[in-house]
Amino acid sequence: MRILLVEDEPTLRAQLRAGLVDAGYAVDVADNGRDAHFLGATEAFDAVVLDLGLPVLDGLTVLKRWRDGGRTMPVLILTARDNWHDKVAGIDAGADDYLTKPFHMEELLARVRALIRRASGLASAVLQCGALALDTRSGRVTLAGQPVSLTSHEYKVLDYLMHRPGAVVSRTELTEHIYAQDFERDSNTIEVFVGRLRRKLPPELIETVRGLGYRLVPPP
Amino acid sequence: MSLWRRATSLRFRLLAATLVALVLALLLAGVLLSGLFRDHVMRQFEAALTQQLDQVTARLEFDAAGQPLIDPQALSDPRWQKPYSGLYWQLDRTTADGLSRAGVLRSRSLWDTSLPLLADELADGAVHVHQGKGPLDAPLLILERKVKIAEQPDARWRIVVAADLQEVTGAVDSFNGVMAASLAVLLVLLVLAALAQVAVGLSPLRTMQRALADVHEGRTQRLQGRFPTEVQPLIDDFNDVLDRNTEVVARARTQAGNLAHALKTPLSVLDQAAAGTLAAQGSELARLVKEQVGLSRRHIDWHLARARVAATQRLPGQRTALGPVLAGLVRVMERVHAARGVAITVQAADVPLFFAGEEQDLQEMLGNLLDNACKWAGSTVTVHAEAVMGSKPPQMQIHIQDDGPGINAAHLALVGARGLRLDESVPGTGLGLAIVQDLVGLYGGELTLQPAGGGGLRATLRLPAATAFGASAGVRA
């Protein structure tokens, strides 16, 4: 899952980024409204964490421009202004949730998880596919109740596939959503991760749709 | 309106002053005119009588014995013949030793009376005018002339003619009557004109009163309309004051917001850093920082909220439509609490309701209550707004009810105490209800929390309402 983090205060940005990376997200950052708008309008993100007080272009304007441009990714706004007027303005500009500063990292992660899940139309925090279960809160994967040990990249691929049950996901799409922008991208590595996952999980679970990509197939 | 306020009203003053001036002027005019007329009539009367005196003087003859003789037939006026007709003549004789005898000859109209002897000395040929009483006590104008004839050098003859003044007084009285009536009609017309003038002259003040009432009722933010040059500067100044007040409040708000922003981002940084260290090393310092950051945050929230409440004077002219504010907050709640699947139902009142106050304050009160209800609700939150019937000044009531676990009676009393949180597991500062109560108090409203029928909590907010447009606003006259 790939997240855009927009925050102008460098220390807070670094902390939030570290927290999000630790939680298993690929994180792109922007420190001003113009860059944020450009990234959000051109790259595929699963969620955006957007501070409202931004230099160059303020957060609300960035958000409105994304929505006007047809970008529908979930957006969590961070605001220091703890009043309902700003919250209403934020939601009406197209935000999906807000968080008032200061906040706890766990709270931010919980909100982001919930937003991504909601955007995929999933209700439970534990994603299921047959005997396979992925707990988005703890990052634990179990197969028939037995824990499965995954590397961070393997987890990212599985996490993304499990948020799109039954859908065909191309290699490019997978690449876009598990790597941040500045990462050296190589779609061949995706094949490597999928191959490793097939060895750790029931091999028929991830189906290759020739020429299109991969699909998570629940056992009959 | 009390008598004193009536007495200090401009309308009353203008009308009273005009009325007094009019009455005085008309009285003076009446007295003057009446006097002039009387003088004129008297002069005419006197002139006529002088002619009569001349006639009588011309008819005075003396016979061979030196006795005076006036031929009544020679005097043309028939009134000389008719007894007590009101026109009389008489001839007095004064001898050289100063003795006088009245009525040597008299007109037939004097019958058996005579005109009183007048005690003044006249030069020869001079004419004197007197007023006195005649027969039947009638008031008389009396003219006399002294004549001396060559044949009787020692004797002086005084010819007296008199006419009844009732003719004059009658004419003057009837003139006065007609004049008083005309002056009264004039007074009535002038008073009507003054009333019209005052009404027209003071109409801008009435317009201003209505404009002020509009501002008080919150129908407009400023005084609307064009006023005469004498009043316009006052209107402009007043509008400036209104604008400045609004601006000051807005600025105070923005500054409070800026302060919050300036403080809260560093606090976030501290909090994240401490949390990271705490997780990695379990350091005591990190725990302390985290604890103090939490405390600081609540202090900031509390004092900022208080500062905002303090900045909110109850400015006149504020009205906020309840519907859009509620709709905006419901959009927020539906989005934010989407994961919990809370359904929010809003039962609007039959007529659009308006809060007599500032939009952000209404948002703050309703937002906190709605957020609370959504946090605790099982599946539904119901919002019901209504006007409070027969309340003066007008009020409205908003009920927010959830179907959550509710609060037991013992805790109900504690809710809203500063920063108290009954359940630390639900995020929030615990300041929400305290802020609501501050704001409600500021607007003279009332917040009541009570157990709802279905086991949840029912919060009822009673707030001042502004009247709707077009409704009779009760302009204070």
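Scroll up a little and you will see the structure.
Residues numbered from 1 in each chain as written. Chains lettered and ligands numbered in written order. Predicted model: local features only at pLDDT ≥ 70, side-chain atom pairs only at ≥ 80, totals over all residues.

## What about the sheet that holds strand β11 (residues 206-209) of chain A?
All names here are of chain A.
Okay, so step 1: The strand order β10-β12-β11 describes an open sheet built from 3 strands, whose pairing is antiparallel. Either end of the sheet is taken by a strand with one partner, and the two such strands are β10 (168-169) and β11.
Okay, so step 2: In terms of strand pairing, β10 meets strand β12 (residues 213-216) through 2 bridges, oriented antiparallel. Note that in β12 the partner of Val168 across the bridge is Arg215.
Okay, so step 3: Set on the sheet, helix α6 (residues 152-162) makes contact with β10, β11 and β12; between it and β12 the angle comes to about 70 degrees. (Pairing = 2+ DSSP bridges. Helix = DSSP H or I, 4+ residues; strand = E, 2+ residues; numbered from the N terminus. Contact = placed C-beta atoms within 7 Å. Axes fitted to C-alpha atoms, helices over the stretch in contact; angles between N-to-C directions.)

## Here we look at the sheet that holds strand β5 (residues 127-133) of chain B
All names here are of chain B.
Okay, so step 1: As summarised here, the arrangement of the 5 strands in space is β4-β3-β7-β6-β5, forming an open sheet in which the pairing is antiparallel. Bordering the open sheet on either side are β4 (100-106) and β5, each of which pairs with just one other strand. Here the strands of the sheet are splayed against their neighbours by 30 degrees on average, with no regard to which way each runs.

## Quick look at the packing of helix α7 (residues 359-376) of chain B against helix α9 (residues 432-442) of chain B
Two quantities define a packed helix pair, namely the angle between the helix axes and the distance between the axes.
Residue and element names in this part refer to chain B.
Okay, so step 1: With their axes 9 Å apart at the nearest point, α7 and α9 run at an angle of 145 degrees to one another. Handedness of the α7/α9 crossing: left-handed. Judged by residue contacts, Asp361, Glu364, Met365, Asn368, Leu369, Asp371 and Asn372 of α7 engage Gly432, Leu433, Ile435, Val436, Leu439 and Val440 from α9.
Okay, so step 2: Taken together, the residues of the contact of α7 with α9 sort by class into 7 nonpolar, 3 polar and 3 charged. (Left-handed = near helix turned anticlockwise from the far one by under 90°. Nonpolar A, V, L, I, M, F, W, Y, C, P; charged D, E, K, R; others polar.)

## Some remarks on the environment of Pro83 of chain B
All names here are of chain B.
Okay, so step 1: In this structure, Pro83 sits in the loop between β2 (68-70) and β3 (87-94).
Okay, so step 2: Measuring from C-alpha to C-alpha, the distance between Pro83 and Trp111 comes to 5.7 Å, with 28 residues separating the pair along the chain.
Okay, so step 3: Leaving out residues up to four positions away in the same chain, Pro83 has contacts with Arg108, Ser109 and Trp111.

## Here's the deal with α7 of chain B
Okay, so step 1: With 18 residues, α7 of chain B should cover 26 Å at 1.5 Å per step; its first-to-last C-alpha distance of 26 Å lies within 8% of that length.
Okay, so step 2: Among the 18 residues of α7 of chain B, 16 are classified as buried, and the element is accordingly described as predominantly covered. (Expected span 1.5 Å × (residues − 1). Buried ≥ 20, exposed ≤ 12 C-beta atoms within 10 Å, placed from the backbone.)

## So, the interface of chain A and chain B
Okay, so step 1: Counting from both sides, the interface comprises 26 residues of chain A and, opposite them, 29 residues of chain B.
Okay, so step 2: Put simply, the parts of the chain that give the side of chain A that touches chain B at least two residues each are α1 (10-22), α4 (84-93), β5 (97-100) and α5 (105-119) of chain A.
Okay, so step 3: Broken down by element, the residue count for the side of chain A that touches chain B peaks at 6 residues, all from α4 of chain A.
Okay, so step 4: Considering only residue class, the side of chain A that touches chain B consists of 10 nonpolar, 6 polar and 10 charged.

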